[in-house]
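Listed below, chain by chain, are the residues.
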2 protein chains.
Amino acid sequence: MQDILFGFISKYVSLTDDEKNAILSLDIFRSVKKGTTLLKEGQKTKDSYFVLKGCIRTYYILDSEEKTTAFYTEMEALTPPCVINKTPSEYYISCIEDTILIVSNSDMEVEVNSKFPKFETLCRILSEQLLAKQRIDFDEFKTSSPEQRYLNLIQKRPDLIQRVPQHQLASFLGIKPQSLSRLRARLVDKNKG
Amino acid sequence: MQDILFGFISKYVSLTDDEKNAILSLDIFRSVKKGTTLLKEGQKTKDSYFVLKGCIRTYYILDSEEKTTAFYTEMEALTPPCVINKTPSEYYISCIEDTILIVSNSDMEVEVNSKFPKFETLCRILSEQLLAKQRIDFDEFKTSSPEQRYLNLIQKRPDLIQRVPQHQLASFLGIKPQSLSRLRARLVDKNKG
DNA sequence: TTAAATCGTTCACTTAAGTTAAGAAATGAA
DNA sequence: TTCATTTCTTAACTTAAGTGAACGATTTAA
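Here we summarise the structure given alongside this text. The structure presented is a predicted model; accordingly, all values stated were derived computationally and were not measured.

### Quick word on the interface of chain A and chain B
Inference 1: Contacts between chain A and chain B engage 33 residues on the former and 33 residues on the latter.
Inference 2: When the two sides are added together, the surface that chain A and chain B hide from each other amounts to roughly 3,300 Å², 63% of it contributed by carbon and sulfur.
Inference 3: In this structure, the connection of chain A to chain B is made through 2 salt bridges.
Inference 4: A salt bridge links R124 of chain B to E120 of chain A; its shortest N-O distance comes to 2.2 Å.
Inference 5: At the junction of chain A and chain B, the tally comes to 17 residue pairs in polar contact (both at pLDDT 80 or more).
Inference 6: Elements represented by at least two residues in the side of chain A that touches chain B include exactly β4 (56-62), β5 (65-72), α3 (81-85), α5 (117-142) and α8 (166-172) of chain A.
Inference 7: In terms of residue count, α5 of chain A provides more of the side of chain A that touches chain B than any other element does, 18 residues in total.
Inference 8: Of the residues belonging to the side of chain A that touches chain B, the class tally is 15 nonpolar, 10 polar and 8 charged.

Given below as structure tokens:
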């Protein structure tokens, strides 16, 4: 589990044993059962998540309807906006599968960053990369139709199609569950000719 | 002009005179005429932009159609994904108005960051905040209709409605120019009753 | 200043998503 | 296992966006 974490980090900065021990002393690993809600609307938190194994999703409840906006799987990190803005959360976070997480607290990060500048560099690089990646995702979403988005998802994150319920995929694609079902039927028709 | 920059920075970190001079010695201010293209598809660049005055936009050309995905106005920063990924740019950047920019180069940033850790902190905080803000924008886009997006834009960035051509706003909202025109007419009807 | 290009609107028509409802299939809990 | 809930699909109908075309209005460039 530690190997996964340090393997990931080593792609961005190289850590000394002291630095690795500093991280490990923080007791950050956590196992969570499928269905567990990690954060609710209205709650305040300082926790960020990094998924080692499993899948979590973020969703809003608007007009008493669930709107799923993101999934985080292996090697993906999530810092909820409410942590940055120091406001109550606007959304929910829950586990779609049994999941192993790294949970870090923003107070903890401030402390570690000031002690080990290398961590600050790591955080900066990760933020910059996530920002660029998310910008591209957003642009692709804006410039495509629901059908194109679905085909794009099959290409880029085929695992999600398998491990996530359709109705959650639908709002992730910006449409209703019935529309996704119809869209899929349409695609099957097209391929038959 | 410098006051605007340092006023902005002071919201996040406090700089010494030495640090301010280090920034100023870099010759980063640049005036650009309306219509100027700052970056083209296929080009490589290491430049990031911060808008002091004016407005720039990013757009793709897909099926020989312009798709505008973002506008950056006063006090907003843009680091193109191609700078982070070290790939040729997928999109164009151009000036909608006569614009005053700060242009920084990623090589320059690496150097400044290593000399002045405070800059690295600044970059980290700004990236984290932009990431959170963009996440919220993306979620709002996903969970609303074109009409809601337009009404939301009127609330949150009323200036854009004035200073940007409609057909560019349309693709920013994820629809065609004709649809935006029709949508606006529909809203006027609704308000008449 | 004039001609050309761009921009915004409108219209008729097509296509696809939203809505409401019903029923079958899969899942989960007692 | 069985019952209840959730999930997925299908269908008919409504609503709104996409498309192609036309026509002023505005802007731009020669």
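### Some remarks on the sheet that holds strand β7 (residues 92-95) of chain A
Pairing between the strands of a sheet comes from backbone hydrogen bonds, and it takes one of two forms, parallel or antiparallel.
Inference 1: On the basis of which strands lie adjacent, the open sheet formed by 4 strands has the order β2-β7-β4-β5 (chain A) and antiparallel pairing. Across the chains shown, the open sheet's two edge strands, defined by having one partner strand only, are β2 (37-39) and β5 of chain A. Across the sheet, the mean angle from the axis of one strand to that of its neighbour is 30 degrees, orientation sign disregarded.
Inference 2: Across 2 bridges, the pairing between β2 of chain A and β7 of chain A is antiparallel. Counterpart to T37 of chain A in the pairing with β7 of chain A is S94 of chain A.
Inference 3: Most of the contacts of helix α5 (residues 117-142) of chain B go to β5 of chain A, to which it runs at about 135 degrees, and overall it touches β4 and β5 of chain A.

### Structural notes on the pairing of β5 of chain A
Residue and element names in this part refer to chain A.
Inference 1: For β5, the tally of buried residues reaches 6 of 8 residues, placing the bulk of the element in the interior.
Inference 2: Relative to β5, β4 runs antiparallel, the two sharing 7 bridges. Following the sheet pairing, I61 is matched in β5 by E66.

What counts, and where the lines are drawn
Residues numbered from 1 in each chain as written. Chains lettered and ligands numbered in written order. Predicted model: local features only at pLDDT ≥ 70, side-chain atom pairs only at ≥ 80, totals over all residues. Heavy atoms only, no water. Contact = heavy atoms within 4.5 Å. Buried area = accessible area lost by both parts, 1.4 Å probe. Salt bridge = Lys/Arg side-chain N within 4 Å of Asp/Glu carboxyl O. Polar contact = N/O pair within 3.5 Å; in protein donor to acceptor, adjacent residues only side chain to side chain. Helix = DSSP H or I, 4+ residues; strand = E, 2+ residues; numbered from the N terminus. Nonpolar A, V, L, I, M, F, W, Y, C, P; charged D, E, K, R; others polar. Pairing = 2+ DSSP bridges. Axes fitted to C-alpha atoms, helices over the stretch in contact; angles between N-to-C directions. Buried < 20%, exposed > 50% of the residue type's maximum accessible area, 1.4 Å probe, protein only.

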